[in-house]
Amino acid sequence: MPELPETTVISEDIRRLAAGRRVLRAEVFRPDVTNVPPEEFSGRLRGRVLEGTGRRGKLIVLDFGGVVGLVHLVISGRVLRLPAWTEPDRLNTAVLEFEGGPVLSFAKLWLGYFHLYEPERVGEHPLLARLGPDPFSEGFTPGYLARAFRRRAAVKGLLLDQSVVAGLGNIYVDEVLFAARVHPLRRADTLSEEEIRAIHAATRKILRRAIELRGTTFDSYHDAFGESGGYQRELRVFARAGKPCPSCGARIAKLRVAGRGTHVCPACQSPPTAASGA
Ligand SMILES: [Zn+2]
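These numbers come from a predicted model, not from an experiment.

Rules behind the numbers
Residues numbered from 1 in each chain as written. Predicted model: local features only at pLDDT ≥ 70, side-chain atom pairs only at ≥ 80, totals over all residues. Heavy atoms only, no water. Pairing = 2+ DSSP bridges. Helix = DSSP H or I, 4+ residues; strand = E, 2+ residues; numbered from the N terminus. Axes fitted to C-alpha atoms, helices over the stretch in contact; angles between N-to-C directions. Contact = heavy atoms within 4.5 Å. Polar contact = N/O pair within 3.5 Å; in protein donor to acceptor, adjacent residues only side chain to side chain. Donors = N, O, S within 2.8 Å, 3.2 Å for Na, K, Ca; no water. Buried < 20%, exposed > 50% of the residue type's maximum accessible area, 1.4 Å probe, protein only.

Asks: Run through the sheet that holds strand S8 (residues 113-117), naming residues and quoting values.
Replies: Taken together, four strands build an open sheet; the order of strands is S2-S3-S4-S8 and the sheet is antiparallel. Both outer strands of the open sheet, strand S2 (52-56) and S8, are each paired with one neighbouring strand and no more. The mean inter-strand angle of the sheet, taken between neighbouring strand axes irrespective of direction, is 25°. Pairing of strand S3 (residues 59-63) with strand S4 (residues 68-72), which is carried by five bridges, proceeds in the antiparallel orientation. Residue pairing for S4: Leu-59 is matched across the bridge by His-72. Lying on the sheet, helix H1 (residues 4-18) is in contact with S2 and S3; it crosses S2 at an angle near 170°.

Written as structure tokens, this is what we have:
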């Protein structure tokens, strides 16, 4: 599933490919992939210029002036360049053709979507309405995290919660907690100030590095140019169950936390005690 780094890369790719260009055609394959009737999807985008792109959490934000496109790729979604206009189909869920330029397919939005909002109503989008601070924003501080962690819940579950911090998913949470030497099952309200500072610093450092390497290609993720990311080569624990910890050599263990496959070094990330476990 694309997390913050992959969403950032795709959003920037779309800007490089299509910013400043006018939409000639826009069509969706299934009505349920968007929040307006299909003919309205076409009508509201046709003739508009893509003025810029951005990201909020794991959502790609496309600024068409009077209309904002919010794209969530969820698990399988991808953005592809097509050689020529192609009618949308099961694979190419939504297709946009830009004047003198690319045809972009928002492909495999099987669980994802391409919603349209008026700029002043974007905040009403159900995901954005409850989105926590961006890890690179001023509001994301160790003090903020300390307040968000005043709960008797496993720290991993809270970091996955988009209302606590925007954009993290299963891969980067495992990597952040390993870097911070905090066990994913630790109860958030038992973390020391030092541990919270370590989680905060690791979040920014790891996400920044992953963006630099253009994301993690674990199964299906590719950027809009069809290229793989590079951060999978730097994963320390994720998907490395049974392999030696890069820091101490102990075997990486896999467990289930917050319903997700979770990777830890049992030596570097001390398992919680009865008092500090969730
Ligand atoms: Zn270790």
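So, next bit.
Asks: Explain the side chain of Arg-55 to me, and be specific about the residues and the numbers.
Replies: Examined against the element boundaries, Arg-55 turns out to sit in strand S2. Within the structure, the side chain of Arg-55 is placed 2.9 Å from the side chain of Thr-8, a separation counted as a polar contact. Residues in contact with Arg-55, not counting those within four places in the same chain, are Leu-4, Thr-7, Thr-8, Ser-11, Val-61, Asp-134 and Phe-136.

Asks: Give a detailed account of the coordination of the zinc ion, specifying residues and quantitative values.
Replies: Taken together, Cys-245 (SG), Cys-248 (SG), Cys-265 (SG) and Cys-268 (SG) make up the full set of protein donors to the zinc ion, lying 2.2 to 2.4 Å away. Counting residues between consecutive donors of the zinc ion along the chain gives the motif C-x2-C-x16-C-x2-C. Taking the relative accessible area as the measure of exposure, Cys-265 reaches 0% and is therefore buried. Owing to a relative accessible area of 6%, Cys-268 belongs among the buried residues under this scheme.

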